[in-house]
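Here is how the chains run, residue by residue.
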Amino acid sequence: MLKYINKIAIFLLLLLTLSSSLYAQKAPNVVLILTDDQGIGDLECHGNPWLKTPHIDSFYNQSVRMTDFHVSPLCTPTRAAIMTGRYPINNGTWSTFKGRDALSKNAITMADVFKQNGYQTAMFGKWHLGDNYPTRPTDTGFDTAIHHLAGGVGELSDYWGNSYFDDVYYVNNHPKQFKGYCTDIWFDETMKYIDKNKEKPFFVYLPLNAPHDPLIVAPKYAEPYKKYEGKEIINANLYGMIANIDENFGKFNQFLKNKGLEKNTIVIYMSDNGTRHGYSRDGKLGYNKGFRGIKGDKLEGGHRVPFFIRWPNGNIQGGKDISKLAAHVDLIPTLASLCQLTIPENMPLDGADFSSLLLQKKNKNKNETVFVHHRQDWRQPKDVEGTCIIQNQWRLINGKQLYDIEKDPKQLNNLAKKHPELVKELLNKNKDFLKKTKKNPEYYQLPASAVGNKAQKEIKLTIQHAIGEDSGIWKPEQIASGMKNKNNTHAIDVEKEGDYLISCQRWPKECLGAIWGIPNKNPKDMYDYKTIHPEKVQIKIGGQILEKEIQKNQQVVTFKVHLTKGRTLLVNDFIEGKETYGVYYTYISTVE
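(A) Spotlight on the sheet that holds strand E21 (residues 556-563). Ordered in space as E16-E24-E18-E21, the four strands form an open sheet in which the pairing is antiparallel. This sheet does not close on itself; its edge strands, each paired only once, are strand E16 (458-462) and E21. Across this sheet, the average inter-strand angle for adjacent strands is 20°, counted without regard to direction.

Structure below.
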């Protein structure tokens, strides 16, 4: 009897192993490529008369194209919507700075969904959804992450001295020196990862930082476009950066083919918002596929982007256009359907599954309304002002400008007075949407960096992410020149009661210098250093106000504070006479 039971157990084990093996072979791999600030007109296949993108064009001819695909008008809100399947106003990440540029704690992400369904997960490039625990890539579902910090390579929160070439990027949160150009590195590291992990299904998120400014690229890529600069186009380097992406994309597709992965890999190519330097607002320079609006705008060119998807084994191929409305929040339900993933029951989603459109099935139901809300502030987006409500061919901007995008792509003819009932209908849909939104804790509660967690012993806070009423500050050149900015507040989540060290600095740890002086190092001779002369540093946190004088040659002013568990705000200032301004760099660690 025991022998019989053992044989059954062995048989079941073999069956389970075989099933797992078959699943590993059949489950499609997924690669999501997201470019940065590449608009709807920044592609040859979309009619750009000057730009050459042969490899992307080839993919375009092989893929299914969602021709009415929408994102948010800025990068962080789009990235948050892709990762969570929720609109930015619902996931709390609607800005690129001022405390609203990170995911909320316990947000369930696309990477979590893939990982929970047995996929290997990795990302390479630009994250821009939080630089501290609990919202780094490795905290939110990615097994492997190689990325820069903040919103762009070389920003003041990134590694000091990064410049697109030969930079320091973070490998699972540890800084590592790389050689080469940023876009080349992201693709190269992606291919290395896939080659090493190709035996099991993988999800790779490849969000590039190009062609976001600063517009830096090797001269050979920009040279063919110099003759058009100032006459037909704004900047040849933008086109050079896209040409470099195109070259890398071609190498990547050839790699998939060489490794036998092309047929069973879902590849998506899309952008995070409208163009920044590919089209002038007056329409005199550049190309925007017939639309008005660029990055940051609610006009069509600000949020309508390329979306190409190919999966030969799933018969998603052949160069077909689908004109149905779709958006960034639809990606999780759509990919879950294509890959047969189970979505967690406690995962709230705003989007709809459009896989039936891709697969040409009869059931082609799809949400008919897309909501565009964002705001460059810690404050919530306004209910109507600064919005775009999209339904079929209609675009309602600011609640009072109604356009038929099919007949009026440049949005010059306001039809609101001609169709008052439609305006009322769209406003009512927005009202109902916001009624649910305002029940979400993320709408009110600021995302917070956590201290007291073993996952990150020391957090880094910068003035770039500080909350306040001043304008944005994000360039290391601004820090180097001593620019003063009033933004000074950071949301903190104390996970463990205890003593903490709060260290306030003028310069980042990787390039230390005296608060009154300048660093000994000037990486790549990039900066023109200027001095500042604050007399004191003051911090406010957890009901405590502490102040210290700054001494000559002092690099760091450190406060030891006892913090109780829970959320709090840190306010930190340099004091110079009667003037106060935010501390540039702050580090918080647990007292061991």
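That was the structure; now back to the text.
(B) Quick peek at the sheet that holds strand E5 (residues 168-171). Spatial ordering of the open sheet is given by E6-E5-E4-E3-E7-E1-E8-E9-E2-E10, a layout of ten strands whose pairing is mixed. With one partner strand each, in any of the chains shown, strand E6 (174-177) and strand E10 (320-327) form the two edges of the open sheet. Each strand of the sheet is rotated relative to its neighbour by a mean of 20°, with strand direction disregarded. For strand E1 (residues 29-35) and strand E7 (residues 202-207), the ladder comprises five bridges, and the chain directions are parallel. The residue of E7 that forms the bridge with Val-31 is Val-204. In the packing of helix H8 (residues 236-258) onto the sheet, the strands contacted are E1, strand E8 (265-271) and strand E9 (307-310), and the crossing angle to E8 comes to about 170°.

(C) Summary view of the packing of aromatic side chains. Following the criterion strictly, the structure yields 31 aromatic pairs and no others. On the numbers, 5.1 Å between centres and 85° between planes, the contact of Phe-59 with Phe-249 is edge-to-face. One end of the pair, Phe-59, is in helix H2 (residues 54-62); the other, Phe-249, is in helix H8, and 190 residues separate them in sequence. Each of the two residues, Phe-59 as well as Phe-249, counts as buried. Between Phe-249 and Tyr-269 the ring centres are 5.2 Å apart and the planes differ by 55°, which places this aromatic pair in the tilted class. Residue Phe-249 is located in helix H8, and its partner Tyr-269 is located in strand E8; the two are separated by 20 residues in the primary sequence. In terms of burial, Phe-249 and Tyr-269 fall into one category: buried. Here a set of aromatic residues connected by ring pairs shows up, and it is made of Phe-114, Tyr-119, Trp-127, Phe-142, Phe-203 and Tyr-205. The lysine or arginine in question, Lys-509, covers the ring of Tyr-587, its NZ or CZ lying 5.0 Å from the ring centre.

(D) Region of the structure containing a positive patch on the surface. Taken together, Lys-431, Lys-435, Lys-436 and Lys-439 make up a surface patch of like positive charges. Given the relative accessible area of 67%, Lys-439 is considered exposed.

(E) Structural view of the nonpolar core. Counting residues in hydrophobic clusters, the biggest one holds 50 residues, and the most contacted among them are Ile-33, Trp-186, Ile-194, Phe-252, Tyr-269 and Phe-308. Elements with a minimum of two residues in this core: E1, H2, strand E3 (120-126), helix H6 (182-197), E7, helix H7 (219-222), H8 and E8. At eleven residues, H8 tops the list of elements feeding residues into this core. Contact partners of Phe-252, with chain neighbours within four places excluded, come to Val-31, Ile-33, Phe-187, Thr-190, Met-191 and Ile-194. With 46 residues, the next largest nonpolar core counts Leu-32, Ile-82, Phe-307 and Cys-339 among its residues.

(F) Seen up close, the environment of Ala-514. The residue Ala-514 is located in the loop between strand E18 (498-505) and strand E19 (536-541) in this model. Classification of Ala-514 by relative accessible area gives buried; the value is 14%. Each residue touching Ala-514, except ones within four places of it in the same chain, is listed here: Trp-507, Asn-553, Gln-554 and Gln-555.

The rules behind the values
Residues numbered from 1 in each chain as written. Predicted model: local features only at pLDDT ≥ 70, side-chain atom pairs only at ≥ 80, totals over all residues. Heavy atoms only, no water. Pairing = 2+ DSSP bridges. Helix = DSSP H or I, 4+ residues; strand = E, 2+ residues; numbered from the N terminus. Axes fitted to C-alpha atoms, helices over the stretch in contact; angles between N-to-C directions. Contact = heavy atoms within 4.5 Å. Phe/Tyr/Trp six-rings, centres within 6.5 Å; stacked < 30°, edge-to-face > 60°. Buried < 20%, exposed > 50% of the residue type's maximum accessible area, 1.4 Å probe, protein only. Lys NZ or Arg CZ within 6 Å of the ring centre and 35° of its normal. Patch = residues over 30% accessible without salt bridge, like charges linked within 9 Å, V, L, I, M, F, W, Y side chains within 5 Å. Areas by Shrake-Rupley, 256 points an atom, 1.4 Å probe, with all protein chains shown as cover. Salt bridge = Lys/Arg side-chain N within 4 Å of Asp/Glu carboxyl O. Lys, Arg positive; Asp, Glu negative; His and termini not counted. Charge placed at Lys NZ, Arg CZ, Asp CG, Glu CD. Core = buried A, V, L, I, M, F, W, Y, C linked by side-chain atoms within 4.5 Å.

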